[in-house]
Amino acid sequence: MFKAALRIGVPIAFGTDAGVFPHGMNGMEFGLMTDLGMSPAAALLAGTRDAAKLLGLEADVGTLEAGKAADIVAVPGNVLSDIHATEHPLLVMHLGRIVVQKAGT
């Protein structure tokens, strides 16, 4: 169904509703999305800007802009060339505060 939805232009948002991953492993969804034909850039947007828009939250989250919540996940490398880098967060920031940081980062 994902491939069909992608082909006909159904808005797609990254989500944790699938229930197929343990909490904290949802970064694997980016790889699944690209395995099914979505570009890495589109997958990243589905997890950020597009998800915020579909939820009606784009005024507060979804992009890095002044006045929005500073929710950031930093990963190693270039996610456009290796989407699986999203599975290895180095730093997680929520509302501008670091909540997880891998040692040495």
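No experiment lies behind these values; they were computed from the predicted model shown.

Criteria and cut-off values
- Residues numbered from 1 in each chain as written.
- Predicted model: local features only at pLDDT ≥ 70, side-chain atom pairs only at ≥ 80, totals over all residues.
- Heavy atoms only, no water.
- Salt bridge = Lys/Arg side-chain N within 4 Å of Asp/Glu carboxyl O.
- Buried < 20%, exposed > 50% of the residue type's maximum accessible area, 1.4 Å probe, protein only.
- Helix = DSSP H or I, 4+ residues; strand = E, 2+ residues; numbered from the N terminus.
- Contact = heavy atoms within 4.5 Å.
- Pairing = 2+ DSSP bridges.
- Axes fitted to C-alpha atoms, helices over the stretch in contact; angles between N-to-C directions.

Visitor: Before we go on, may I ask you to explain the pattern of salt bridges in this structure?
Guide: When the charged atoms of two side chains with opposite charge come close together, those side chains can pair. Per the counting criterion, the structure on display carries two salt bridges. Across the pair Asp50 and Arg49 runs a salt bridge whose closest N-O atoms are separated by 2.9 Å. Given the relative accessible area of 40%, Arg49 is considered partly exposed. Among the ionic pairs, Glu65 bridges to Lys68, the shortest N-O distance being 3.0 Å. For Lys68, a relative accessible area of 19% puts it in the buried group.

Visitor: Just to check I follow, could you spell out the environment of Leu80 for this structure?
Guide: With respect to the helices and strands, the residue Leu80 is situated in the loop between β1 (72–74) and β2 (91–94). Each residue touching Leu80, except ones within four places of it in the same chain, is listed here: Pro40, Ala41 and Leu44.

Visitor: Got a minute to help me understand unusual backbone geometry in this structure?
Guide: Peptide bonds are trans in most cases, and residues, glycine excluded, mostly fall at negative phi. With a phi close to 55°, Leu95 is a non-glycine residue in the positive phi region. Within the secondary structure, Leu95 sits in the loop between β2 and β3 (97–101).

Visitor: I'm lost on the environment of Leu36 in this one. Help?
Guide: Note that Leu36 resides in the loop between α2 (28–35) and α3 (40–46). Each C-alpha atom of the pair Leu36 and Val79 lies 17 Å from the other, and the pair is 43 residues apart in sequence. The contact partners of Leu36, leaving out residues within four places of it in the chain, are Phe2, Lys3 and Leu6.

Visitor: Would you mind going over the pairing of β2 with me for this structure?
Guide: Residues in a regular strand point their side chains to alternate faces of the sheet. Only one face of β2 is buried, namely the one carrying Leu91 and Met93, since none of Val92 and His94 on the opposite face is buried. Two elements, β1 and β2, share three bridges in a ladder whose sense is antiparallel. Across the sheet, Ala74 pairs through a bridge with Leu91, a residue of β2. Relative to β3, β2 runs antiparallel, the two sharing four bridges. In the strand pairing of β3, Leu91 is matched with Gln101.

Visitor: What is the right way to read α2 from this model?
Guide: Since there are 3.6 residues in each turn of an α-helix, residues three or four apart along the chain are aligned in direction. Burial in α2 covers these residues: Glu29, Phe30, Gly31, Met33 and Thr34. On its buried face, α2 is in contact with α1 (2–8) and α3. Phi turns positive one or two residues past the end of α2, at Gly37, with a value near 110°.

Visitor: How do you make sense of the sheet that holds β2 when you look at a structure like this?
Guide: By way of backbone hydrogen bonds, the strands of a sheet pair with one another, either parallel or antiparallel. In spatial order, the strands read β1-β2-β3; together these three strands make up an open sheet with antiparallel pairing. Strands with a single pairing partner mark the edges of an open sheet, and in this sheet they are β1 and β3. Averaged over all pairs of adjacent strands, the angle between strand axes in this sheet comes to 15°, irrespective of strand direction.

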